[in-house]
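# Understanding the architecture of this molecule
Single-letter residue listing:
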Amino acid sequence: MSNPSIGFIGLGTMGEPMATRLAQAGYDLTVSDLNEAAVERLVALGAKRASDPTAVASQAEIVFASLPTPDVVQKVALGDQGVASGSKVRVFVDLSTTGPRTAKLVAEALARNDIIAVDCPVSGGAAGAQKGTLALMVSCPTPTHDELLPILNHLGKVIFCGEAPGLGQTMKLVNNLVSVTALAVSSEALVMGVKAGLDPQIMLDVFNAGSGRNSATADKLPRAVLPRTFDFGFSTALSLKDTRLCLDEAEAMGVPMPVGSAVRQVLNMTRAAFGDNADFTRMVCLIEQWAGVEVPTTAKK
Ligand code: NAD
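Since the model is a prediction, treat every value here as computed from it, not as a measurement.

### What about the environment of Thr-54?
Mapped onto the fold, Thr-54 is located in helix α3 (residues 53-59). Remark: the alpha-carbon pair of Thr-54 and Ser-2, spanning 52 residues in sequence, is separated by 23 Å. Among all residues touching Thr-54, those that are not within four sequence positions of it are Gln-81, Gly-82, Val-83, Ser-85 and Gly-86.

### Comments concerning the packing of aromatic side chains
The full count for this structure, using the stated rule, is three aromatic pairs. Ring centres 5.9 Å apart and planes at 10° place the aromatic pair Phe-8 and Phe-64 in the stacked group. Taken together, the residues Phe-8 in strand β1 (residues 6-9) and Phe-64 in strand β4 (residues 62-65) connect sequence positions 56 residues apart. Residue classification places Phe-8 among the buried positions, given a relative accessible area of 0%. Residue classification places Phe-64 among the buried positions, given a relative accessible area of 0%. Where Phe-232 meets Phe-280, the ring centres are 6.2 Å apart and the plane angle is 35°; that geometry is what we call tilted. Pair noted here: Phe-232 is in the loop between α10 (215-225) and α11 (236-253) and Phe-280 is in the loop between α12 (258-274) and α13 (283-291), with a separation of 48 residues, a long-range link.

### Digging into the site of the ligand
Around the ligand sit 23 residues, and of these Thr-13, Met-14, Asp-33, Leu-67 and Lys-241 come closest. Elements that contribute at least two residues to the shell around the ligand include exactly α4 (70-78) and α11. Among the elements that take part in the shell around the ligand, α11 stands out by supplying three residues, more than any other. Its residues assigned to classes, the shell around the ligand shows eleven nonpolar, eight polar and four charged. For the shell around the ligand, the two domains that each supply at least three residues are domain 1 (6-165) and domain 2 (170-291).

### Digging into the domain arrangement of the protein
Segmenting the protein into domains produces domain 1 (6-165) and domain 2 (170-291). The gap between the C-alpha centroids of domain 1 and domain 2 is 28 Å. Residue-level contacts link 14 residues of domain 1 with 14 residues of domain 2. Its largest share of buried area at the contact with domain 2, domain 1 owes to Thr-97, Pro-100 and Arg-101, together 43% of the area lost on that side. Across the pair Arg-101 and Glu-249 runs a salt bridge whose closest N-O atoms are separated by 3.1 Å. There are five residue pairs in polar contact (both at pLDDT 80 or more) connecting domain 1 and domain 2. Within the residue set of the side of domain 1 that touches domain 2, elements represented by two or more residues are α5 (100-111) and β7 (122-123). Across the side of domain 1 that touches domain 2, the residue classes tally to eight nonpolar, five polar and one charged.

### Concerning the pattern of salt bridges
For the coordinates displayed, the defined rule picks out twelve salt bridges. Among the ionic pairs, Arg-90 bridges to Glu-147, the shortest N-O distance being 2.8 Å. With Arg-90 in the loop between α4 and β5 (91-94) and Glu-147 in helix α7 (residues 142-152), the pair connects residues that are 57 residues apart, well separated along the chain. Of the residues examined, Arg-90 reaches a relative accessible area of 33% and is grouped as partly exposed. Take Glu-147: its relative accessible area is 30%, and that puts it in the partly exposed class. Residue Asp-276 is joined to Arg-271 by a salt bridge in which the shortest nitrogen-to-oxygen separation is 3.7 Å.

### Overview of the packing of helix α8 (residues 167-196) against α11
Relative orientation of the contacting elements α8 and α11 amounts to 120°, with a least axis distance of 9 Å. Between α8 and α11, the angle falls in the class oblique. Crossing handedness for the pair α8 and α11: left-handed. Residues Leu-173, Val-174, Asn-176, Leu-177 and Val-180 of α8 pack against Ser-239, Asp-242, Thr-243, Leu-245 and Cys-246 of α11. Each residue belonging to the contact of α8 with α11 can be placed in one class, and the counts come to six nonpolar, three polar and one charged.

### Some words on the side chain of Lys-172
Position of Lys-172 relative to the elements: it lies in helix α8. The buried charged residue Lys-172 lacks any salt bridge partner; its closest oppositely charged side chain belongs to Asp-242, at an N-O distance of 5.1 Å. A polar contact is formed between the side chain of Lys-172 and the side chain of Asn-176, at a distance of 2.9 Å.

### Examining the state of the cysteines
By definition, a disulfide links the sulfur atoms of two cysteines through a covalent bond. By the definition in use, this model includes zero disulfides. Unpaired in this structure, Cys-120 has its nearest cysteine sulfur neighbour in Cys-140, at a distance of 8.3 Å. When its relative accessible area of 0% is taken as the criterion, Cys-120 is described as buried. Sulfur of Cys-161: no disulfide; nearest cysteine sulfur belongs to Cys-120 and is 9.2 Å away.

The rules behind each value
- Residues numbered from 1 in each chain as written.
- Predicted model: local features only at pLDDT ≥ 70, side-chain atom pairs only at ≥ 80, totals over all residues.
- Heavy atoms only, no water.
- Helix = DSSP H or I, 4+ residues; strand = E, 2+ residues; numbered from the N terminus.
- Contact = heavy atoms within 4.5 Å.
- Phe/Tyr/Trp six-rings, centres within 6.5 Å; stacked < 30°, edge-to-face > 60°.
- Buried < 20%, exposed > 50% of the residue type's maximum accessible area, 1.4 Å probe, protein only.
- Near = heavy atom within 4 Å.
- Nonpolar A, V, L, I, M, F, W, Y, C, P; charged D, E, K, R; others polar.
- Domains from an automatic or database assignment.
- Buried area = accessible area lost by both parts, 1.4 Å probe.
- Salt bridge = Lys/Arg side-chain N within 4 Å of Asp/Glu carboxyl O.
- Polar contact = N/O pair within 3.5 Å; in protein donor to acceptor, adjacent residues only side chain to side chain.
- Axes fitted to C-alpha atoms, helices over the stretch in contact; angles between N-to-C directions.
- Parallel < 35°, antiparallel > 145°, perpendicular 65-115°, else oblique.
- Left-handed = near helix turned anticlockwise from the far one by under 90°.
- Lys, Arg positive; Asp, Glu negative; His and termini not counted.
- Disulfide = S-S within 2.5 Å.

Have a look at this one:
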């Protein structure tokens, strides 16, 4: 059986490297983004250009989206010139972090046009997108999962979360809450240790050999904080969006999250101090300001 035609909408930090991997794997690919330079780079790899989401969905059976926020995903999927109006599309795969409510809303609306919606939020950052080592949290009908698997395997490890729309998105929201909470508390610990006279590299060595190990001590702090590059590749605005989506969902479900609420305020303060586009690892600089101490620079790992 020949490979299905693929569309890709949203060629940003995550979308461009994922679309690049699919182009390099030889798929018949049609792309669209508001950023012409990103479209040009995919066209140079053999992809076709489409003017809007409807045009993508009239060229491709399976349409992927990697877009910033729930409202953009809803507009691209269901709005004027949206995916829903495409003549060829059968499956819409949302790789963005949009939350379960948007996933359910989009799935119900697309079902009216016989288009199957797939939750497929991803974890692993820009580096994981480039290397094809993302974690992909998929929820959709099982036959659709089976059809998508050979394509998704080019992007990373597929973890099937169930058939109901929204399950993959819920998994992603709680994953990111755990990740950003680990970053916040590890940043506090690092600054305290430095103020007490500990070497930050020794602190990371101990955390990573011991019970304090987490994704911040193992990756974010050595890669983006100790070298003071603050370039992990995830913006404060996007992290705040994910945390807000998670807490709103938890509140609607009657699940109190006091720790998550505190982390949300840390992100709000990081945004107020450094702006929407600042990398979320910048939160360590806030704690440094309050503590009156700076974590010393080391060479980039
Ligand atoms: P980004 O802002 O870098 O990319 C978004 C892209 O969408 C941009 O290229 C933008 O031009 C394009 N776009 C916006 N509106 C559009 C429209 N109407 N039509 C076509 N294109 C449009 O964001 P990102 O960091 O790549 O994140 C994308 C999604 O993945 C977000 O939901 C984010 O939360 C999630 N995510 C990001 C990371 C990360 O480390 N950056 C990790 C996991 C998940």
